[in-house]
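A structural walkthrough
This is what each chain is made of:
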Amino acid sequence: MIELFNISIQLGKRQVLEQVSLKINKGEFVYLIGQTGSGKTTLLRLIYMDVFPDRGNVIVDSYSSSTILPRHVPFLRRKVGVIFQDFKLLPDRNVYDNIAFALQVIGAPQRTIKSRVLSVLTRVGLHHKRYQMPQRLSGGEQQRVAIARALVNKPFILLADEPTGNLDPQVARDILHLLENINRSGTAILMATHNYDLIRQYPHRTLVLENGNFSREINPEELA
Amino acid sequence: MRLLFLLKEGIAGFKRARLAATISIATITLSLSLIGMFALLVHHLSAQFQQTYGRIQLEVFIDPAIDSAQRQALEGRIQQLAAVEAVQYVSPEMTLQRFQQDFGDDLLTVLEGENPFPPSLQVILKKEYAELEKVEAAVEAIRALPQVDEVIFQEKFIRLINRYFFIGLIVATTIGATIFFISTMLIFNTIRLTIHSRKTVIEIMRLVGATHFFIKAPFVIEGLLQGLIGSLLASGALWLMSDLLRAFFLPGLTIPWMYFLFLCGTGILLGLLGSYFSIGKYLKF
Ligand SMILES: Nc1ncnc2c1ncn2[C@@H]1O[C@H](COP(=O)(O)OP(=O)(O)OP(=O)(O)O)[C@@H](O)[C@H]1O
Ligand SMILES: [Mg+2]
């Protein structure tokens, strides 16, 4: 599935990660916590190969960071969904087109695009808002659109970088509920977060990044 | 299908970033109009220059005792020289008349009815022989002919003309190259801004796994269209300008159709390369 072997990476002058190893199994739900600047975002970027490690190796599905050809990176990204705190929707297209865009730019045929977009819209509960523009949606709805876009290509894992960072507690819980649903249907989830309340309410395996390394794997009840 | 999508995206890019696209097109139009105008002016002036000064004229004074058959034979021999375009006989009477026109009837009084001018031949050299060494060679060849007394040509004038033409050419080329360089930079930069304003789209395309080809194609198509529109507008502007100039300042101004071809080619190429290289910056992996 996903495996990091002794990863070290420096960005600018800063040694962000040092000798990090980690394994995420098929269909797992994993939280990633740690202080700001501890390297959570960097770890996620390593997985979708936005950055490459200086030492060590990242294995994602059948791809390995040490041997992958640059022209194969897009094909790896089709198997890995990503969502962010700031949603990253295109403001000049409606909900449907935002999601369809993800399939159009990988050259999917028109027929599959329509059925896939409509089905994923139903899944995130936004079928009725498919012709709305993103600005007219609430934060929670926008994140659902982003989730739909990340899922439309049927990835085996969804990487979420503080997906609830901009959302009210109740809305955050709704998003977590949705993510758990998605997880139950087989998609693995790796979520970086600062929100310990959420982890306590929806407990899963939790990794702590400290000093550029995994200091421990903790029991969610331990969280202060 | 894919091609259709890429084309649609490329064209839609115009509507999505209308201001940026307008600025790009305006920049291309202005730059290319400037380049076109400058090239046209240089072309016109150098053609005029050649027309006026490019044909060197020699005065060949001949033996006054020459009879008309001998003279015609001499004319024929001169005409046969490779450098010579035309030979014309100028009789002493014609010379006198010319002087009379210039200096008035007083001249006749001074000369007391005598005509002191020898017969001469006016020799015009071909355009390609406008350089000093070639002129000198032609003069030597004519001097060597029998019954030729003296050949006069304006050495200093030729030197001057040659030098100014050369300097003019260098100055024009330098200015032209500078305008071209600045225009290219300007066009590249505005295109870069256009693309920068859409870095979110590029980022999303990367994240969802679009290949570099798919990410680049709409931008390259858009750049190409901007180049095409800009150069068509510039061609129109150039045509209008040349019409105005012809009407008011430069009656002989003509504009070869190659110019429009060149403008369109340059516009398309700049738009295409500009977007291709700008987008590269956002696509490491
Ligand atoms: N491109 C870069 N150049 C230099 N330093 C960088 C770069 N990217 C990240 N860093 C640094 O690396 C460290 C880890 O960054 P990262 O974004 O992975 O942390 P994070 O755990 O996601 O933090 P946060 O909780 O604030 O999102 C930070 O100190 C950051 O300043
Ligand atoms: Mg982060």
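In short, a report on the structure. Bear in mind the structure is a predicted one, so any value in this text is a computation, not a measurement.

What counts as what
Residues numbered from 1 in each chain as written. Chains lettered and ligands numbered in written order. Predicted model: local features only at pLDDT ≥ 70, side-chain atom pairs only at ≥ 80, totals over all residues. Heavy atoms only, no water. Helix = DSSP H or I, 4+ residues; strand = E, 2+ residues; numbered from the N terminus. Rg over C-alpha atoms; globule rule 2.2 N^0.38 Å. Contact = heavy atoms within 4.5 Å. Areas by Shrake-Rupley, 256 points an atom, 1.4 Å probe, with all protein chains shown as cover. Lys, Arg positive; Asp, Glu negative; His and termini not counted. Charge placed at Lys NZ, Arg CZ, Asp CG, Glu CD. Buried area = accessible area lost by both parts, 1.4 Å probe. Salt bridge = Lys/Arg side-chain N within 4 Å of Asp/Glu carboxyl O. Polar contact = N/O pair within 3.5 Å; in protein donor to acceptor, adjacent residues only side chain to side chain. Pairing = 2+ DSSP bridges. Axes fitted to C-alpha atoms, helices over the stretch in contact; angles between N-to-C directions. Near = heavy atom within 4 Å. Nonpolar A, V, L, I, M, F, W, Y, C, P; charged D, E, K, R; others polar.

Once that is clear, we can look at the overall build of chain B. From N to C terminus, chain B includes 10 helices and 4 strands. Along the chain direction, N to C, the helices and strands of chain B fall in the order α-α-β-α-β-α-α-β-α-β-α-α-α-α. Computed over C-alpha atoms, the radius of gyration of chain B comes to 31 Å, more than 25% over the 19 Å expected from 2.2 N^0.38 for 285 residues, which places it beyond the range of a compact globule. Considering only C-alpha atoms, chain B reaches an extent of 100 × 35 × 30 Å along its principal axes. Long-range pairs, those at least 24 residues apart, make up 82% of the contacts in chain B between residues at least 6 apart in sequence. Here chain B has roughly 16100 Å² of accessible surface; of this, 66% comes from carbon and sulfur atoms. Of the side-chain charges in chain B, 24 are positive and 23 negative, and the distance between the mean point of each set is 31 Å.

Much of the literature gives interface size as the accessible area that the parts lose upon coming together. Taken together, the contact between chain B and chain A spans 17 residues of the former and 25 residues of the latter. Between chain B and chain A the total buried area reaches about 2100 Å² when both faces are included, carbon and sulfur atoms providing 66% of it. Where chain B packs against chain A, one counts 2 salt bridges. With a closest N to O distance of 3.5 Å, Lys 88 of chain A and Glu 203 of chain B form a salt bridge. Counting every contact that joins chain B to chain A gives 4 residue pairs in polar contact (both at pLDDT 80 or more). Elements supplying a minimum of two residues to the side of chain B that touches chain A: α1 (2-16) and α8 (199-207) of chain B. Ranked by residues supplied to the side of chain B that touches chain A, first place goes to α8 of chain B with 6 residues.

Let us now look at the sheet that holds strand β2 (residues 84-90) of chain B. Residues and elements named next belong to chain B. With respect to topology, 4 strands assemble into an open sheet ordered β2-β3-β1-β4, the strand pairing being antiparallel. Each end of this open sheet is capped by a strand with a single partner; those strands are β2 and β4 (148-152). Strand after strand, the sheet turns through a mean of 20° between neighbouring axes, direction not considered. In this sheet, strand β3 (residues 120-125) lies alongside β2 in antiparallel orientation, the contact comprising 6 bridges. Each bridged residue has a counterpart across the sheet, and for Ala 86 the counterpart in β3 is Ile 124.

This brings us to the site of ligand 1. All names here are of chain A. Residues in close proximity to ligand 1 total 14 residues, the closest being Thr 36, Gly 37, Lys 40, Thr 41 and Thr 42. At 2.6 Å, a side-chain N or O of Thr 41 approaches an oxygen atom of ligand 1. In the environment of ligand 1, an oxygen atom lies 3.0 Å from a nitrogen or oxygen atom belonging to the side chain of His 194. Listed by contribution, the elements that provide at least two residues to the shell around ligand 1 are β2 (14-24) and α1 (40-47). Broken down by element, the residue count for the shell around ligand 1 peaks at 3 residues, all from α1. Grouping the amino acids of the shell around ligand 1 by side-chain chemistry returns 2 nonpolar, 9 polar and 3 charged.

All names here are of chain A. Overall, antiparallel pairing links the 4 strands, which are arranged β2-β1-β4-β5 in an open sheet. One side of each edge strand has no neighbouring strand; the edge strands of this open sheet are β2 and β5 (63-64). Bridge analysis of strand β1 (residues 2-11) against strand β4 (residues 55-60) gives 5 bridges, and the strand direction is antiparallel. Bridge pairing in β4 links Leu 4 to Val 58. Docked against the sheet, α1 engages β1, β2 and β4, running at close to 120° with respect to β1.

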